[in-house]
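Understanding the architecture of this molecule
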Amino acid sequence: MIDLRSDTLTMPDRAMLEAILTAPLGDDGRTDKNNRGEDKTINELEDLVAATTGKESALLCPTGTFANTVGALLWAKAGEKVLVHEQQHMLLTEKFLFSDQFCRMEPIKYPFNANNTPDIDAIDNLLQESGAKLICIENTHNFSGGYVIPVEEMAKLHAVADKYGAKIHMDGARLFHATASLGVNAKEICQYVDSVMVCISKGIGAPVGALMCSTKAKVDEGREIRKILGGGWRQGGVFAAPGIYAFKHNISRMIEDIENARLTASLLQGKLQHISLQKEVQSNILVLDLAGASVSPSRFCEMAKEKGLLIKTVLKTCVRLVYYKGITAEDAKAAANIILELDKSL
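Residues numbered from 1 in each chain as written. Predicted model: local features only at pLDDT ≥ 70, side-chain atom pairs only at ≥ 80, totals over all residues. Heavy atoms only, no water.

**Structural notes on the overall build of the protein**
Convention followed: Only DSSP runs of H or I covering at least 4 residues are called helices, and only runs of E covering at least 2 are called strands; the numbering of each starts at the N terminus. Each radius of gyration is computed over the set of C-alpha atoms, and the globule rule expresses the reference value as 2.2 Å times the number of residues to the power 0.38. Each residue is placed in one exposure class: buried if its accessible area under a 1.4 Å probe, protein chains only, is under 20% of its type's maximum, exposed if it is over 50%, and partly exposed if it falls in between. Every residue pair with non-hydrogen atoms within 4.5 Å of one another is taken to be in contact. Residue burial considers only the protein chains on display, and all accessible areas are found by Shrake-Rupley using a 1.4 Å probe. Under this rule, positive means Lys or Arg and negative means Asp or Glu; His and the chain ends count for nothing. A charged residue contributes its charge at one atom only: NZ of Lys, CZ of Arg, CG of Asp or CD of Glu.
Helix and strand counts for the protein stand at 14 helices and 13 strands. Computed over the C-alpha atoms, the radius of gyration of the protein is 20 Å, within 12% of the 20 Å expected from 2.2 N^0.38 for a compact globule of 346 residues. Counting only C-alpha atoms and orienting by the principal axes, one finds that the protein spans roughly 65 × 55 × 40 Å. Within the protein, the fraction of its 346 residues that count as buried is 57%. Restricting to contacts in the protein with at least 6 residues of sequence separation, those with at least 24 account for 73%. Surface summary for the protein: the accessible area is close to 14,600 Å², and the carbon and sulfur share equals 49%. Side-chain charges of the protein comprise 39 positive and 43 negative groups, with the mean position of each set lying 2 Å from the other.

**Some details on empty space enclosed by the protein**
As a reminder, the rule being used: Each cavity reported here is a set of points on a 1 Å grid over the protein atoms alone in which a 1.4 Å probe fits but cannot get out, each pocket an open set with protein on both sides within 12 Å along at least five of seven lines, and each lining residue one with an atom within 4 Å of a point. Grid points are joined across faces, edges and corners, and a volume is the space filled by probe spheres set on the points. We call Asp, Glu, Lys and Arg charged. Ala, Val, Leu, Ile, Met, Phe, Trp, Tyr, Cys and Pro are nonpolar, and the rest, Gly among them, are polar.
Within this structure, the stated rule accounts for 1 cavity of 30 Å³ or more. If you trace the largest cavity, you find it lined by Ala 173, Arg 174, Leu 175, Phe 176, His 177, Cys 199, Lys 202, Gly 203, Ile 204 and Met 254. For the lining of the largest cavity, the element with the most residues is helix H8 (residues 175–182), which contributes 3 residues. Looking at the lining of the largest cavity residue by residue, the class counts come to 6 nonpolar, 2 polar and 2 charged.

**A few points about the pattern of salt bridges**
Spelled out, the test is: By definition here, a salt bridge exists when the distance from a side-chain nitrogen of Lys or Arg to a carboxyl oxygen of Asp or Glu is within 4 Å.
Under the criterion given, the structure shown has 21 salt bridges. Here Lys 248 makes a salt bridge to Glu 44, at a shortest N to O gap of 3.7 Å. Note that Lys 248 is positioned in helix H11 (residues 237–249) and Glu 44 in helix H2 (residues 40–53), a separation of 204 residues in sequence. On the basis of relative accessibility, which here comes to 55%, the residue Lys 248 falls in the exposed class. Given the relative accessible area of 39%, Glu 44 is considered partly exposed. Salt-bridge contacts for Glu 221 lead to Lys 218; the nearest nitrogen and oxygen are separated by 3.2 Å. With Glu 221 and Lys 218 both in helix H10 (residues 216–228) and 3 residues apart, this pair spans about one turn of that helix. What you see here is one network of salt bridges that share partners, running through Asp 28, Arg 36, Glu 46, Asp 47, Arg 223 and Arg 226.

**A word on the layout of surface pockets**
Approximately 320 Å³ is the volume found for the largest pocket. If you trace the largest pocket, you find 23 residues lining it, with Ser 6, Thr 8, His 89, Arg 174 and Lys 202 closest to the centre. Looking at the lining of the largest pocket, the elements with two or more residues in it are helix H3 (64–73), helix H4 (89–94), helix H6 (142–145) and strand E7 (195–199). There is about 240 Å³ of room inside the second largest pocket. Asn 116, Phe 143, Ser 144, Val 287 and Cys 318 are, among the 17 residues lining the second largest pocket, the residues nearest its centre. Mapped by element, the contributors of at least two residues to the lining of the second largest pocket are H6, strand E9 (276–277) and strand E10 (285–289). Per element, the largest residue contribution to the lining of the second largest pocket is 3 residues, and it comes from E10. Residues of the lining of the second largest pocket, tallied by class, amount to 8 nonpolar, 6 polar and 3 charged.

**Considerations on the pairing of strand E13 (residues 318–322)**
Keep this limit in mind: Strand pairing is defined by DSSP finding a minimum of two bridges between the two strands.
In terms of burial, E13 is a largely internal element, 5 of the 5 residues being buried. The alternating pattern of E13 places Cys 318, Arg 320 and Val 322 on one face and Val 319 and Leu 321 on the opposite face, and all of these are buried. Across 5 bridges, the pairing between E10 and E13 is antiparallel. Its bridge partner being in E13, Ile 285 is matched across the sheet by Val 322. With 3 bridges connecting them, strand E12 (residues 312–314) and E13 associate as antiparallel partners. Within E13, the residue paired with Thr 313 across the bridge is Val 319. Between E12 and E13, which pair antiparallel in sequence order, lie 3 residues; one of them, Leu 315, sits at a positive phi of approximately 55°.

Shown next as structure tokens:
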């Protein structure tokens, strides 16, 4: 099977797992006067990710959802208004912040422009009208097809936020696919946000975890929020060690995923009769729209599975293919051939 359901399917290689065996461990829940835990491996990973993103400090969390939740709660309280895109992962899938059962934040939904990035003029108007003090963005943007926000647009967005005294939290689950696509480093993107979530269990291939990065004062505050939510670690270095390995060895290969996604798209371009291809592949995600097809997205996924391709539905009419470590160019070609064969049968 060619499994393109998600880059969460990356598997740790032997060298990554062996990094655990020699990692110094300790109780991360027991902090010193600087609010650092006793697990030296966690501390090393947090320092590495903070330096990579250009932030003062970082906090290891169990998942990206958890880290996004901590990040948003640094800037907005339960029940307050928050600007978020209508197809953002934090709103549609993670849900905690906007759930009536839990945090009850009020989503003020902003649109995208023609390039599938945040419409800055609309955000300006919404901030003025709503009085919201937090903007949540996603870079790359998952459900749209992995579109990337250019650095110059990040700068403009920051200027608008600053105009109204608002903060920006960025879901950077696939931050390093964004940097590979743009040809920049993470600091160039992250300088324009107040906090950022960095996931280590997607494209860079570690098994578990995500980090929330911001100022030291805010990360110290986030540590308390993490504890309240039940996200504290004991010997969490067993998860941090693969993360360190991933940062040191896997970030440089992100461009391979993008090239494989583009390869599939190029083999489909101009050949599909019933399925619509996204306008441009910018990262490791390819979205196909079946609105004009005579089959539901879920049924299409079943048909693809029968031919050896695992993909998943997103939104109401689309399916998503995600490329990651372990997926080859031959897999990308085979995926395209399966989709072409299915398209002809619709």
